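Topology and contacts: notes
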Amino acid sequence: MATYYSLTKRKNPGLLSLVIPCYNEEKVIPYLQDSLNEILPKIPANTEVILVNDGSSDKTIEFLVSWANKDKRIKVLSFARNFGHQIAVTAGMDHALGDAIVIMDADLQDPPEVILEMLAKYREGYDVVYGRREERAGETFFKTASAWLFYRLMKILVHKDLPLDSGDFRLISRKCLNVLKDMRENHRFLRGMGAWVGFPQTPVIYKRAPRAAGETKYPLRKMLRLAINAAVSFSPLPLRFSLSFGIFIAFIGFLVGISAIVKVLMYYSGLYPNFVYNPGWATVVTLLCIIGGAILIAIGILGEYVARIFEEVKGRPLYVIDSKINVSDRKNRR
Ligand code: UDP
Ligand code: MG
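Residues numbered from 1 in each chain as written. Chains lettered and ligands numbered in written order. Predicted model: local features only at pLDDT ≥ 70, side-chain atom pairs only at ≥ 80, totals over all residues. Heavy atoms only, no water.

Here the focus is the overall build of the protein chain. Counting secondary structure elements, the protein chain contains 10 helices and 8 strands. Over its C-alpha trace the protein chain gives a radius of gyration of 26 Å, far above what one expects of a compact globule, namely 20 Å for 334 residues. Its C-alpha atoms give the protein chain principal-axis dimensions of roughly 95 × 45 × 40 Å. Burial analysis of the protein chain (334 residues in total) assigns 45% to the buried set. Residue pairs at least 24 apart in sequence account for 84% of intrachain contacts in the protein chain once pairs closer than 6 positions are excluded. (Helix = DSSP H or I, 4+ residues; strand = E, 2+ residues; numbered from the N terminus. Rg over C-alpha atoms; globule rule 2.2 N^0.38 Å. Buried < 20%, exposed > 50% of the residue type's maximum accessible area, 1.4 Å probe, protein only. Contact = heavy atoms within 4.5 Å.)

Okay, here's the thing in structure tokens:
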């Protein structure tokens, strides 16, 4: 990554906010609780933990409520329904009061010890410290391979500075957080937004652990959705691709057309007596299919962009909060 900056050393944050989205994680919360009870005292800063219940349909919220009632550092935001991981993280970011925040998954795949290394980089002056995965333990070949492809494709489509092999596990300084908080787009790809903001960024390498319990909440369908969101929200490349593809198909159609006309003319002028002048059924059908397909693809891609404009124009809030625990209602910190 290019360096556009110089680093200024700084102290540990006075307050560090952990932002953790939880969707149907009843099996995981007890492990998370144990793990945080162990790591929080080691963190050289005051801490708050913002747990966002993303419309879970299991007992997640009950676990979170009883945890928050015992520990004032634990803050809970509970959504009115499932809004998705990226939005849940956004709500946590909006309510964080820390001088720096760490975004991590509830399932302990992002090992909390890594936070200490992230803080070391924060003190060096970095504004974003993202976790880069060295190994994906306990995941299927398909998940590993699709993730590999996903990150490479995203780098092309989203931003040249998009870090490879890293998820949303990262530390973000208040300076960077305030910029991200001003970016209110509906279709969010936080990693790409982070790359867009810029500021000094650096990785810490970590081993991604297997899930503490329960199943992934990111099935293929949601992963594809995230990939399409990332591509379409950040880059006009799909539109340009459909234009080039359309031009290419039109060019082929032009050549086929010319050759057909030439053949027919030669046939009538006696230059090409052996030419079998049939109704041209195969050609017409093939061309129709190709052109029809190309047009539909192009309209589909266009539709993705139009749908996004529609969503943005409505200007709805990104999420609806049903209840809050240990979260003060005073205005969010800037
Ligand atoms: N998650 C969420 N809303 C969703 C899906 C997932 O808040 O609609 C949370 C989930 O509880 C977890 C994190 O996002 O804390 C990452 O999800 P998961 O571990 O299932 O994804 P994976 O690690 O398998 O990609
Ligand atoms: Mg996970």
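Here the narrative resumes, following the displayed structure.
Direction vectors running N to C along helix 1 (residues 29-39) and helix 2 (residues 60-70) enclose 25°, while the axes themselves pass 10 Å from each other. Relative to helix 2, the element helix 1 is oriented roughly parallel. When you trace helix 1 past helix 2, the crossing you get is right-handed. Seen from helix 1, the contacting residues are Ile 29, Pro 30, Leu 32, Gln 33 and Leu 36; seen from helix 2, they are Thr 60, Phe 63, Leu 64, Trp 67 and Lys 70. (Axes fitted to C-alpha atoms, helices over the stretch in contact; angles between N-to-C directions. Parallel < 35°, antiparallel > 145°, perpendicular 65-115°, else oblique. Left-handed = near helix turned anticlockwise from the far one by under 90°.)

To continue, consider the environment of Asp 182. Within the secondary structure, Asp 182 sits in the loop between helix 6 (174-181) and helix 7 (190-197). Judged by its relative accessible area of 55%, Asp 182 falls in the exposed class. Separated by 58 residues in sequence, Asp 182 and Arg 240 have C-alpha atoms that sit 28 Å apart.

Once that is clear, we can look at the coordination of the magnesium ion (ligand 2). Coordination of the magnesium ion (ligand 2) by the protein involves Asp 107 (OD) and Gln 109 (OE1), with metal-donor separations of 1.9 to 2.0 Å. When sorted by exposure, Asp 107 lands in the same class as Gln 109, which is buried. (Donors = N, O, S within 2.8 Å, 3.2 Å for Na, K, Ca; no water.)

Around ligand 1 there are 19 residues in total, and Glu 25, Asp 54, Asp 107, Thr 216 and Lys 217 lie nearest to it. Note that an oxygen atom of ligand 1 is positioned 2.6 Å from one of the side-chain N or O atoms of Thr 216. Contacts to ligand 1 include Lys 222, whose side-chain N or O atom sits 2.9 Å from an oxygen atom. For ligand 1, the protein covers 95% of the area, taking 540 Å² as the surface of the free molecule. A breakdown of the residues in the shell around ligand 1 according to their chemical character gives 5 nonpolar, 5 polar and 9 charged. (Near = heavy atom within 4 Å. Polar contact = N/O pair within 3.5 Å; in protein donor to acceptor, adjacent residues only side chain to side chain. Areas by Shrake-Rupley, 256 points an atom, 1.4 Å probe, with all protein chains shown as cover. Nonpolar A, V, L, I, M, F, W, Y, C, P; charged D, E, K, R; others polar.)

For helix 3 (residues 85-95), the tally of buried residues reaches 11 of 11 residues, placing the bulk of the element in the interior. Of all the residues in helix 3, the buried ones are His 85, Gln 86, Ile 87, Ala 88, Val 89, Thr 90, Ala 91, Gly 92, Met 93, Asp 94 and His 95.

It is worth spelling out a nonpolar patch on the surface at this point. There is a patch of nonpolar side chains on the surface, built from Phe 248, Phe 251, Ile 252, Phe 254, Leu 255, Ile 258 and Val 262 and spanning about 660 Å² of accessible area. Looking at the secondary structure, you find Phe 251 in helix 9 (residues 237-268). (Patch = residues over 30% accessible without salt bridge, like charges linked within 9 Å, V, L, I, M, F, W, Y side chains within 5 Å. Salt bridge = Lys/Arg side-chain N within 4 Å of Asp/Glu carboxyl O.)

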